[in-house]
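Single-letter residue listing:
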Amino acid sequence: MTVQTTSGIRGAFQRAPLTWFFFLAYALSWLAWTPYILSENGLGVWDHDFGAGGSGQILGVLPGAYLGPICSALLITSLTEGRQGLRNWRARMTKFRVGWQWYVLVLVSVPAALILAAVATTDTEPVLPGAMVFAMYLPGLLIQMITTGLAEEPGWREYAMPRMQRRYGPLVATLVVGVLWGAWHLPLFLTDWGGGRGHDPMGVLEFMITALAFSAVMTWVFNRSGESMPLVMLLHTGVNNFFSMAWADMFPTLTEKQGSQAFLMAAVTGALIVVTVTRGRLGFASEPSVGATEPIPGDATPPSAAGSPHPYPTRAGTGDRGPS
């Protein structure tokens, strides 16, 4: 099938959909974050306080997070691929039917990896958390899925990753998306979110390395689970939820910086494992998926010639290959 291109903004999106996605994801989020960055929660130029802790971040950070990746992905998808593209987007976003072992793997491995990394980097024994932590852990995870997970992953992993993998392969795609995903957060390091104006530059570098390494793990989960976005969102938000709900109870003597370093070690270790075991393929299948016939707008190479699976499959089954 030949994709018809048009003039104007729609034509520009069709010719370079990925470039426009990254540009809009940055521009919309950074524009929406500007008041928060200029406020008392950031540079102090504007005499306004969004509030402390989570409430301030909900008001100052979350609107820009929603406006950037997910809105950019939906806008470009609707203008370049129409209803079929939106149906494919919805299919991946609602792909809950994966093997039960995937949910067990993600729910257990995330806190286990972070606990082991914290013990290894600080030589501190964890403390059994209180009953309230156990009671609120899953509700907290659900809230994280609706906020952080829904705001970020439908753009970076759902929209960008399949298209990048098809053109450049999984490893290069992971490197590009991982770096751009991490750098998207950089203005927030001028605010309470990232420690404020006095934040250690080394902490920013550690964050970027963590984002890149963690992206490799997320790419593997995305590919091996048959492109299940709920599972990818669960993996991402599982980290956020552990630090929000359990970290202070389990490691009361450790700092947030030590928590970030534990995450860095866990992410790098996980990335080295999946890259080595899969020889850089990160679970990416080489054969086209069933029903994958439409080319990417702006990409003249058909799926069969590219020798890689189409990023918008219509799946009859679950597509789950199980963790391996």
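Our structure is the block above this text.
Attention here is on the structure that accompanies the text.

This next bit is on the pattern of salt bridges. One pass over the structure, following the stated rule, counts six salt bridges. Notably, a salt bridge pairs Lys257 with Asp200, separated by 3.7 Å at the nearest N-O pair. Of the two residues, Lys257 sits in helix H10 (residues 256-277) while Asp200 sits in the loop between helix H7 (170-184) and helix H8 (201-224), which places them 57 residues apart along the sequence. Assessed through its relative accessible area of 39%, Lys257 is described here as partly exposed. Look at Asp200 and you get partly exposed, because its relative accessible area is 37%. Each of Arg92, Glu158 and Glu227 takes part in a single network of salt bridges with overlapping partners.

A word on the packing of helix H2 (residues 17-38) against helix H4 (residues 62-93). H4 packs onto H2 with a crossing angle of 155° between their chain directions and a minimal axis gap of 7 Å. The angle between H2 and H4 places the two elements in the roughly antiparallel class. As H2 runs across H4, the sense of the crossing is right-handed. The residues of H4 that touch H2, namely those facing Pro17, Trp20, Phe21, Leu24, Ala25, Leu28, Ser29, Ala32 and Trp33, are Gly64, Ala65, Leu67, Gly68, Pro69, Ser72, Ala73, Leu75 and Ile76. The residue makeup of the contact of H2 with H4, split by class, is 14 nonpolar, four polar and no charged.

If you walk through the whole model with that rule in mind, you get three cavities of 30 Å³ or more. Looking at the largest cavity, the residues that line it are Val106, Leu107, Val110, Pro111, Tyr137, Leu141 and Gly238. Taken together, the elements giving at least two residues each to the lining of the largest cavity come down to helix H5 (100-122) and helix H6 (131-168). A per-element tally of the lining of the largest cavity places H5 first, with four residues. In terms of residue class, the lining of the largest cavity is made up of six nonpolar, one polar and no charged.

Before going further, it helps to spend a moment on the layout of surface pockets. Empty space among the atoms becomes apparent when a probe as large as a water molecule is rolled across them. By volume, the largest pocket is sized at about 1600 Å³. Classifying every residue of the lining of the largest pocket by side-chain character gives 19 nonpolar, 17 polar and six charged. Approximately 480 Å³ is the volume attributed to the second largest pocket. When residues of the lining of the second largest pocket are traced back to their parent elements, those giving at least two are H5, H8, helix H9 (229-250) and H10. Classifying every residue of the lining of the second largest pocket by side-chain character gives 17 nonpolar, five polar and no charged.

In this structure, Glu227 takes a positive phi of about 65° despite not being glycine. By secondary structure assignment, the location of Glu227 is in the loop between H8 and H9. Even without a glycine there, the phi angle at Leu282 is positive, about 50°. Relative to the helices and strands, Leu282 resides in the loop between H10 and helix H11 (303-306). Residue classification places Leu282 among the buried positions, given a relative accessible area of 0%.

Residues Glu40, Asp47, Asp49 and Asp192 make up a contiguous surface patch of negative charge. By the secondary structure assignment, Asp192 is in the loop between H7 and H8.

What follows deals with the packing of aromatic side chains. How two aromatic rings sit relative to each other is set out by the distance from centre to centre and by the angle between their planes. This model, assessed by the stated rule, comprises 22 aromatic pairs. Ring centres 5.8 Å apart and planes at 90° place the aromatic pair Trp20 and Phe23 in the edge-to-face group. Placement of the pair is Trp20 and Phe23 together in helix H2, with a separation of three residues, close to one helical turn. Ring geometry for Phe189 against Phe207: centres 5.2 Å apart, planes inclined by 70°, an arrangement best described as edge-to-face.

Across the interface, helix H1 (residues 8-15) lies against H4 with an axial gap of 9 Å and an inter-helix angle of 100°. As far as their axial angle goes, H4 and H1 are roughly perpendicular. On the side of H1, the interface is formed by Arg10, Phe13 and Gln14, while H4 contributes Leu75, Ile76, Ser78, Leu79 and Thr80. Within the contact of H1 with H4, the residues separate by chemical class into four nonpolar, three polar and one charged.

Checked against the element boundaries, Ala213 lands in helix H8. Separated by 58 residues in the primary sequence, Ala213 and Ala271 have C-alpha atoms spaced 5.3 Å apart. Once residues within four sequence positions are removed from consideration, Ala213 is found in contact with Ala267, Val268 and Ala271.

We now examine the side chain of Glu81. Its place among the elements puts Glu81 in helix H4. Judged by its relative accessible area of 17%, Glu81 falls in the buried class. Reaching out from Glu81, the side chain makes a polar contact with the side chain of Arg163 at a distance of 3.0 Å.

Reading the values: rules and limits
- Residues numbered from 1 in each chain as written.
- Predicted model: local features only at pLDDT ≥ 70, side-chain atom pairs only at ≥ 80, totals over all residues.
- Heavy atoms only, no water.
- Salt bridge = Lys/Arg side-chain N within 4 Å of Asp/Glu carboxyl O.
- Helix = DSSP H or I, 4+ residues; strand = E, 2+ residues; numbered from the N terminus.
- Buried < 20%, exposed > 50% of the residue type's maximum accessible area, 1.4 Å probe, protein only.
- Axes fitted to C-alpha atoms, helices over the stretch in contact; angles between N-to-C directions.
- Parallel < 35°, antiparallel > 145°, perpendicular 65-115°, else oblique.
- Left-handed = near helix turned anticlockwise from the far one by under 90°.
- Contact = heavy atoms within 4.5 Å.
- Nonpolar A, V, L, I, M, F, W, Y, C, P; charged D, E, K, R; others polar.
- 1 Å grid on protein atoms, 1.4 Å probe; cavity = no way out; pocket = protein on both sides within 12 Å on 5 of 7 lines; lining within 4 Å.
- Points joined across faces, edges and corners; volume = space filled by probe spheres on them.
- Patch = residues over 30% accessible without salt bridge, like charges linked within 9 Å, V, L, I, M, F, W, Y side chains within 5 Å.
- Areas by Shrake-Rupley, 256 points an atom, 1.4 Å probe, with all protein chains shown as cover.
- Lys, Arg positive; Asp, Glu negative; His and termini not counted.
- Charge placed at Lys NZ, Arg CZ, Asp CG, Glu CD.
- Phe/Tyr/Trp six-rings, centres within 6.5 Å; stacked < 30°, edge-to-face > 60°.
- Polar contact = N/O pair within 3.5 Å; in protein donor to acceptor, adjacent residues only side chain to side chain.

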